[in-house]
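Okay, here's what each chain looks like letter by letter:
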Amino acid sequence: MIHKLRPFVEKGVIRPLDWYFARWLGDKTGNGTEGLLLSAMLASWRLGQGDVCVDLKDYAGREFCVETDEGPLSISFPELSVWLDDLKKSPAVFVDPGVVDEGKVFSEARPLVLCGSRVYIGRYWAYEVALAGALKKLASRESDVELNEVRKVLDKLFGSDADTGPDWQKIAVATAVMRHLTIISGGPGTGKTHTIAATILALCSIYRNSLRIALAAPTGKAAARMMESLRKALRHFGCAEKFEQVIPGEATTLHRLIGMREGLSRARHNPDNPLPANVLIVDEASMVDLPMMYRTVSALKPEARLILLGDRNQLASVEAGSVFADLCGRNQEPQYGESWAKKLEIATGTTVPLRGTGGSVLDDCIVFLKKNYRFSENSSIGRLASIICDGGDVTDVLLDRDGSGDGSVRFRNLKAGEALTADLERVTNEWFEGLFRCSSEDDALKLFEKSRILCAHRDGLWGVSRINRLIEEILTSKGVIKPFLKHYHGRPILITRNNYEVGLFNGDVGIVWRDGRGRLVACFREAGGGIRKVGISRLPEHETAFAMTVHKAQGSECDRILFIMPHEESQILTRELFYTAVTRARSYVEIWGTMKAASEAVSRRTRRASGLYERITNQR
């Protein structure tokens, strides 16, 4: 069987890693049955695609066929009952009994774990089980706080006037004050940062500043934006001068917060050495993968509270899992229990719609922010984002057929193989040439942070690598930069690999700048607004960043976005990617592609296999 899988590696269908893992497992057991080898290959392959597990129901009894130049490659999968029986007999497979001691999951896990019809790589099953257990404990804990006191604090922050409907920001703050797990989801402009600022003020007021609050995000730029936005929000509440007392320290990356160290899987902060904070607020939580979320939650004190913010409609994490979307119920509306709904009504003074009594304890922790304060009803960006989320027809908005658009969306229909040079020259002149005329690195970073070019792919005719190369050729032809130089004054760069020693992480964005002594240094915006300078020779792996992938742009927003769709059909171009690209723009988005590609993207959804939601809600 292992030799039958080899041609799939040679044709690039599966990775060499997937094949070697299957072969290793067969050699290790000395009995590489068909079911075991196929399960190992699929579990490894799907993990590389972002799935935490593989559901054998999706493959059982079917033929997997790939067309190649030499003809079709195919392999048949066993019937489900036969396949499951085969795995249950293997010493390399641990069969999940349903009730697991969470403290022993890492020691009990074997190379593969079978849970119903789902197969996991052992370590990822352990992450999922341990995380589900920890989150269930957090979700079940309520604070012993007087509801009328909460009402007074919230009325002071939000006002006491009854609105036409539920004030979801107020409900979110009440939940964060009264529970130890709060999950807040909302699109750009729905007031997530405003809500968190109010939450921090409410916590400090009710608990008399006895709480130690930590702020974190998956990337450096997301942490910096979190701090900048919080400062603005606190000014709205008239508390800017007390910022240091309200929020000690700065927002940081999750890697820095828990003390991840290169080459080590165990963080400095862990169950044996928990974080000193008793409130952890994580922004852009949709970007957090399963292993990192497990490590973060396991580093909390037992009495700590966790507040997760994100957008359930955005792209999932680059690595395995879709933790935040899973916790949000995979687009299901939370069903508040009757008891919890009554408490919210007392604490907020607003009627909370009781959506049922059959939900889980996790439902009581979830709040969806629905009112948009950034985009008006006539905003083309807001309408486009909404239509993409709903899976509707984007044609009218992109082409502004009814003339109701506000000019914030522009669509450029591309022909297959089009060079793009003339259009890119216009964008380069308007968006980037000014970088090289800035008088300081601070001004250059501010200017660069206003605009982004985003692509779905790294490679290809309209991918990141080629777009960056074309822009550098345009700048060279104008005499702005010299040819054949890797590093030059004004070059925007993107860090692509974590370096714990230097303190730079995948996704950090900076500018190469010539300092006062004539040396080229890389300049990065710190979470507090300052600038950190790093010598060019100390930089971890990085690349030019006039253009970047949509994945790399997560956690950031700009005034202007140019999104270039791939010219060929692409499974990467999904509804979530399209939505994420569009919603990076505050005021203007330009989209280059074909209407066919845009329509196909809206219809193509990302579904990652996972058992996290079912474990927490006891639906296994």
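- Going by an unreviewed UniProt entry, the protein carries the name DNA helicase/exodeoxyribonuclease V, alpha subunit and comes from Thermodesulforhabdus norvegica.

1. Observations concerning the sheet that holds strand β10 (residues 279-282)
So, point 1. Reading across the sheet, the six strands line up as β9-β8-β10-β11-β7-β12 and stay open at both edges, with parallel pairing between neighbours. Each of the sheet's edge strands pairs with one partner strand only, and the pair in question is β9 (252-253) and β12 (366-368).
So, point 2. The pairing of strand β8 (residues 213-217) with β10 spans four bridges and is classified as parallel. The residue bridging I213 from the neighbouring strand is V279, located in β10.
So, point 3. Relative to the sheet, helix α8 (residues 168-178) contacts β7 (181-185), β11 (305-310) and β12, its axis offset from that of β12 by approximately 160°.

2. Looking at helix α15 (residues 338-348)
So, point 1. For α15, every residue scored as buried is listed here: W340, A341, L344, A347 and T348. When α15 is viewed along its axis, its buried side chains cluster within an angular range of 130° and face the same direction.
So, point 2. Buried positions along α15 lie against α7 (147-158) and α8.
So, point 3. Phi for G349, located one or two positions after α15, is positive at around 75°.

3. Here we look at empty space enclosed by the protein
So, point 1. Taken as a whole and assessed by the stated rule, the structure comprises two cavities of 30 Å³ or more.
So, point 2. Space inside the largest cavity adds up to approximately 40 Å³.
So, point 3. In this structure, the largest cavity is lined by N313, C389, R575, E576, Y579 and R605.
So, point 4. Here the residues of the lining of the largest cavity sort into two nonpolar, one polar and three charged.
So, point 5. In this model, the second largest cavity occupies a volume close to 30 Å³.
So, point 6. If you go around the second largest cavity, the residues you meet are V52, E128, L290, G321, S322, V323, D326, S610 and L612.
So, point 7. Of the residues in the lining of the second largest cavity, the class split is four nonpolar, three polar and two charged.

4. Observations concerning the packing of helix α1 (residues 2-10) against helix α2 (residues 16-29)
So, point 1. Packing of α1 against α2 brings their axes to within 9 Å, and their N-to-C directions diverge by 170°. Comparing the axis directions of α1 and α2 gives the class roughly antiparallel. Counted together, I2, L5, R6 and V9 of α1 and P16, W19, Y20, A22 and R23 of α2 form the full contact between these two elements.

5. Points about the domain arrangement of the protein
So, point 1. According to the domain assignment, the protein contains domain 1 (1-134), domain 2 (147-374) and domain 3 (380-603).
So, point 2. With 11 residues of domain 1 at the interface, the matching set in domain 2 holds nine residues.
So, point 3. Counting the surface lost from both domain 1 and domain 2, the interface buries some 860 Å², and carbon and sulfur atoms represent 82% of this.
So, point 4. When residues of domain 1 are sorted by the area they lose upon contact with domain 2, G50, Y127 and L131 head the list and together hold 57% of the total.
So, point 5. Summed over the shared surface of domain 1 and domain 2, the number is zero salt bridges.
So, point 6. On the surface where domain 1 and domain 2 come into contact, there are two residue pairs in polar contact (both at pLDDT 80 or more).
So, point 7. For the side of domain 1 that touches domain 2, the leading source of residues is helix α6 (residues 122-140), giving six residues.
So, point 8. Of the residues contributing to the side of domain 1 that touches domain 2, the split by class is eight nonpolar, one polar and two charged.

6. Quick notes on the side chain of S570
So, point 1. Examined against the element boundaries, S570 turns out to sit in the loop between β21 (558-564) and α22 (575-582).
So, point 2. When neighbours within four sequence positions are excluded, S570 is seen to be in contact with H457 and R604.

7. Notes on the pairing of β8
So, point 1. With five of five residues buried, β8 lies mostly within the body of the structure.
So, point 2. In terms of strand pairing, β8 meets β9 through two bridges, oriented parallel. Bridged to A216 within β9 is T252.

8. A look at the pattern of salt bridges
So, point 1. Applying the stated criterion across every chain yields a total of 27 salt bridges.
So, point 2. Notably, a salt bridge pairs D155 with K170, separated by 2.9 Å at the nearest N-O pair. One end of the pair, D155, is in helix α7; the other, K170, is in helix α8, with 15 residues separating them in the sequence. Note on accessibility: D155 and K170 belong to one class, buried.
So, point 3. Between E338 and K342 there is a salt bridge whose closest N-O contact spans 3.5 Å. Highlighted residues: E338 and K342, both in helix α15, separated by four residues, approximately one helical turn.
So, point 4. For E338, a relative accessible area of 41% translates into the label partly exposed.
So, point 5. Taken together, the salt bridges that share partners define one network made up of R374, E557, D559 and R586.

9. Notes on the sheet that holds strand β20 (residues 547-549)
Strand pairing in a sheet relies on backbone hydrogen bonds, with the paired strands running either antiparallel or parallel.
So, point 1. An order of β13-β22-β21-β14-β20 is seen for the five strands of this open sheet, with the pairing classed as parallel. The sheet terminates laterally at β13 (409-413) and β20, the two strands that pair on one side only. In this sheet, adjacent strand axes meet at a mean angle of 25° when their direction is disregarded.
So, point 2. With six bridges joining them, β21 and strand β22 (residues 585-593) adopt parallel strand pairing. Counterpart to I561 in the pairing with β22 is V589.
So, point 3. Docked against the sheet, helix α18 (residues 421-432) engages β13, β14 (451-455), β21 and β22, running at close to 145° with respect to β14.
So, point 4. Along the sheet, α22 contacts β14, β21 and β22; its crossing angle with β22, the most-contacted strand, is approximately 130°.

10. A look at the pairing of β7
So, point 1. Burial of β7 is extensive: five of the five residues sit out of reach of the surface.
So, point 2. Side chains of β7 alternate between two faces, with L181, I183 and S185 and T182 and I184 buried alike.
So, point 3. Looking at chain direction, β7 and β11 are connected through five bridges and run parallel. Each bridged residue has a counterpart across the sheet, and for I184 the counterpart in β11 is L309.
So, point 4. As paired elements, β7 and β12 share three bridges and run parallel to each other. In the strand pairing of β12, S185 is matched with F368.

11. Let's talk about the side chain of H542
So, point 1. Here H542 is to be found in strand β19 (residues 542-544).
So, point 2. Residue class for H542 comes out buried when judged on its relative accessible area of 17%.
So, point 3. From its side chain, H542 meets the backbone oxygen of P540 in a polar contact 2.8 Å long.
So, point 4. For H542, the residues in contact, after removing those within four places along its chain, are K486, H487, R491, I493, L494, I495 and T496.

Rules used throughout
- Residues numbered from 1 in each chain as written.
- Predicted model: local features only at pLDDT ≥ 70, side-chain atom pairs only at ≥ 80, totals over all residues.
- Heavy atoms only, no water.
- Pairing = 2+ DSSP bridges.
- Helix = DSSP H or I, 4+ residues; strand = E, 2+ residues; numbered from the N terminus.
- Contact = heavy atoms within 4.5 Å.
- Axes fitted to C-alpha atoms, helices over the stretch in contact; angles between N-to-C directions.
- Buried < 20%, exposed > 50% of the residue type's maximum accessible area, 1.4 Å probe, protein only.
- Arc of directions from axis to C-beta.
- 1 Å grid on protein atoms, 1.4 Å probe; cavity = no way out; pocket = protein on both sides within 12 Å on 5 of 7 lines; lining within 4 Å.
- Points joined across faces, edges and corners; volume = space filled by probe spheres on them.
- Nonpolar A, V, L, I, M, F, W, Y, C, P; charged D, E, K, R; others polar.
- Parallel < 35°, antiparallel > 145°, perpendicular 65-115°, else oblique.
- Domains from an automatic or database assignment.
- Buried area = accessible area lost by both parts, 1.4 Å probe.
- Salt bridge = Lys/Arg side-chain N within 4 Å of Asp/Glu carboxyl O.
- Polar contact = N/O pair within 3.5 Å; in protein donor to acceptor, adjacent residues only side chain to side chain.

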